[in-house]
Amino acid sequence: MSKFLKRSAQGAGVPHEKRTAGLETVAMPLPSKIVLSMNQHIGAPAAPVVAKGDQVYVGTVVGKAGGFVSSDIHSGVSGTVAEISTMVGSNGSTQTTVVITPDGEQKVDPSIAPPEVTDFKSFTDAIRASGLVGLGGAGFPTHVKISSGLGKVDTLILNGAECEPYITADHRLMLEQGEKVIGGVRILMQAFGLKSAVIGVEANKEDAIEHLKALVGGKNDVTVESLRTRYPQGAEKVLIENCTGREVPFPGLPSDVGVIVMNVTSTAFVGKYLETGMPLTTKRLTVDGDIVKEPKNVEVIIGTTIQELLDFCGGVSEDTHKILMGGPMMGHAQY
């Protein structure tokens, strides 16, 4: 097959719009409420396990996974369940929601504790309990991906490409919590019994590349690969080919060529969760675009309304026509 026709030779040179790359992540204050959709992951919806009037805490399970390909959902605030309601998602579907009013105290659920991990099963059980789904945008339950890779993979690839225009949240994570990324990748390598891993980062993030290389130190178990800046460099099969030279057959999965791919933010979370036991309750976001008055990288509690997030970023211009979640290339227009 000619190089021109190979996946790695395809793609588009999208505009280099990364104006928030130099902005440190800021934590958004507590919102007036959080609205937790039970459909915020790929797979079966979670089922609410709380009722109106219930007291919840930071880390409390409010939605229980509806099957193996599903995920638990946790409260990111302490407060009171205001209602079990519905909302219309960006795809037009009606979704069950748990609405919680914060009490401002942010008390942690008494059950929160670091999980005991002694083998691969207890590791995957811990990841399942954490509520982790792919934080690169796919929302696929991570415990399913990990379970399906056991005994099939010899290489772990971390996706730090972040090839979408505007978005710089992963870039900031690599700079601000690079040690968590490296710690997380080594935990995953140990769980799978792997000797090598690659972190793929687009070349336009030179500071992140150098920072991660410095954190790896003199060890040769983790390689930080500088990748061509071209969309869709972060697409799973393109990333695999450019980092390993292996081509995933069509139809096929990364495990078919001995590879598992994880987002850098998901990987950093794994390390933090095993240390603290705090499940997935927040997400780092980039808020940017020609309508945004004060672009920011923001650490936001999951369930915060888009309106409050935009207000925190100075609001939007009056001629706003569309709001996308997930980036200008792969994002969804909000209902």
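Residues numbered from 1 in each chain as written. Predicted model: local features only at pLDDT ≥ 70, side-chain atom pairs only at ≥ 80, totals over all residues. Heavy atoms only, no water.

## What about the confidence of the model for the protein?
Just so we agree on the cut-off: On a range of 0 to 100, pLDDT expresses the predictor's confidence in each residue. Residue contacts are counted whenever heavy atoms from the two residues lie within 4.5 Å of one another.
In the predicted model, the protein carries a mean pLDDT of 92, and the fraction of residues at 70 or more is 97%. Within the model, pLDDT remains below 50 along residues 1–5, and this stretch shows six contacts once partners closer than five positions in the same chain are excluded.

## Here's the deal with the sheet that holds strand β12 (residues 259–263)
Under the convention used in this document: Any two strands between which DSSP finds at least two bridges are classified as paired. Helix and strand definitions follow DSSP, with helices as H or I runs of at least four residues and strands as E runs of at least two, each counted in order from the N terminus. In this analysis an axis means a line fitted to C-alpha atoms, helices contributing only their contacting stretch, and an angle means the value between N-to-C directions, from 0 to 180 degrees.
Pairing is parallel in the open sheet, where four strands are placed in the order β11-β10-β9-β12. Each edge of the sheet is formed by a strand with only one pairing partner; in this case those strands are β11 (222–227) and β12. The sheet shows a mean angle of 25° between the axes of neighbouring strands, taken without regard to direction. The pairing of strand β9 (residues 155–159) with β12 spans five bridges and is parallel. Note that in β12 the partner of I157 across the bridge is V261.

## Considering the layout of surface pockets
Put simply, the rule reads: In this analysis, the protein atoms alone were mapped onto a 1 Å grid. Cavities are point sets where a 1.4 Å probe fits without being able to get out; pockets are open sets with protein on both sides within 12 Å along at least five of seven lines; lining residues have an atom within 4 Å of a point. Grid points are joined across faces, edges and corners, and a volume is the space filled by probe spheres set on the points.
Of the volumes computed, that of the second largest pocket is approximately 300 Å³. Around the second largest pocket sit 16 residues that line it, and F269, K272, P279, T282 and E299 are the ones nearest its centre. Mapped by element, the contributors of at least two residues to the lining of the second largest pocket are α7 (264–276) and β13 (282–287). By residue number, the principal contributor to the lining of the second largest pocket is α7, which donates six residues.

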